[in-house]
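Read off the chains here:
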Amino acid sequence: DDIETLFQEAGGGKDRVSFDEATRLEGVDGMLEEEACTFEELSDLWGDETARKSFKQFREWYAKVVALYDDFLDDDLMEDEEEEDTVRLPSDLMEESMEGKIEEQQYDDDDLLEDASVTEEMDVMIKRQKQEEEEALARARGLEPRVAETAEEETRSNVEITRLFKEGCDEN
């Protein structure tokens, strides 16, 4: 059960959880960061902050906290339906903070052209292999292999056209 896991995580395996331990849980802490509720509201739901709660009491408190968060989401969505990105779950906030740490590699035109040509070569090789397999299968069945329809006229790949265009621009 997810709530039991949260209880164990908060209490470190003890049979009772303090208010301080419960508010350190990632989801509850995220609600505070997102200003979905205040520390005082959580305290009011808890009751006596010095009292430690059993699993059953913690489950009831956590259900009220989740309801409070649901109310926040509903209110926020009604206020501004156009900006759905402003409403995030606590776990989404953590993922967002990790996204900034991953750098995207920047490619220049030559890198992209090289990668594209390799991709096109692979496509041609795969297509050729598929045709050979179909021909071998047809021969094994005693049928005449289908002749692949190929265009007689010369065609150029997009990469080649782009390269020629770039060379033409560089010359002028």
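In what follows, the accompanying structure is described. Fair warning: this is a prediction, and the values are worked out from it, not measured in the lab.

### What to know about the packing of aromatic side chains
Applying the stated criterion across every chain, the model contains eight aromatic pairs. Taking the centre distance of 5.9 Å and the plane angle of 40° together, the rings of phenylalanine 58 and tryptophan 61 count as tilted. Note that phenylalanine 58 and tryptophan 61 are positioned in helix 5 (residues 55-79) at a spacing of three residues, about one turn of the helix. By the burial criterion, phenylalanine 58 is buried, and tryptophan 61 matches it. Judged by centre distance (5.9 Å) and plane angle (25°), the ring pair of phenylalanine 58 and tyrosine 62 falls under stacked. Placement of both phenylalanine 58 and tyrosine 62 in helix 5 is noted, with a separation of four residues, approximately one turn of the helix. For the residue pair phenylalanine 58 and tyrosine 62, the accessibility class agrees, reading buried in each case.

### Some words on helix 4 (residues 39-46)
Turning to helix 4, its buried residues number three or more, namely Leu42, Ser43 and Trp46. For helix 4, the angular spread of the buried residues around the axis is 100°, confining them to a single face. Turned more than 90 degrees away from the buried face of helix 4 sit Glu40 and Asp44, all of them exposed. At the exit of helix 4 stands glycine 47, carrying a positive phi of roughly 100°.

Rules behind the numbers
Residues numbered from 1 in each chain as written. Predicted model: local features only at pLDDT ≥ 70, side-chain atom pairs only at ≥ 80, totals over all residues. Heavy atoms only, no water. Phe/Tyr/Trp six-rings, centres within 6.5 Å; stacked < 30°, edge-to-face > 60°. Helix = DSSP H or I, 4+ residues; strand = E, 2+ residues; numbered from the N terminus. Buried < 20%, exposed > 50% of the residue type's maximum accessible area, 1.4 Å probe, protein only. Arc of directions from axis to C-beta.

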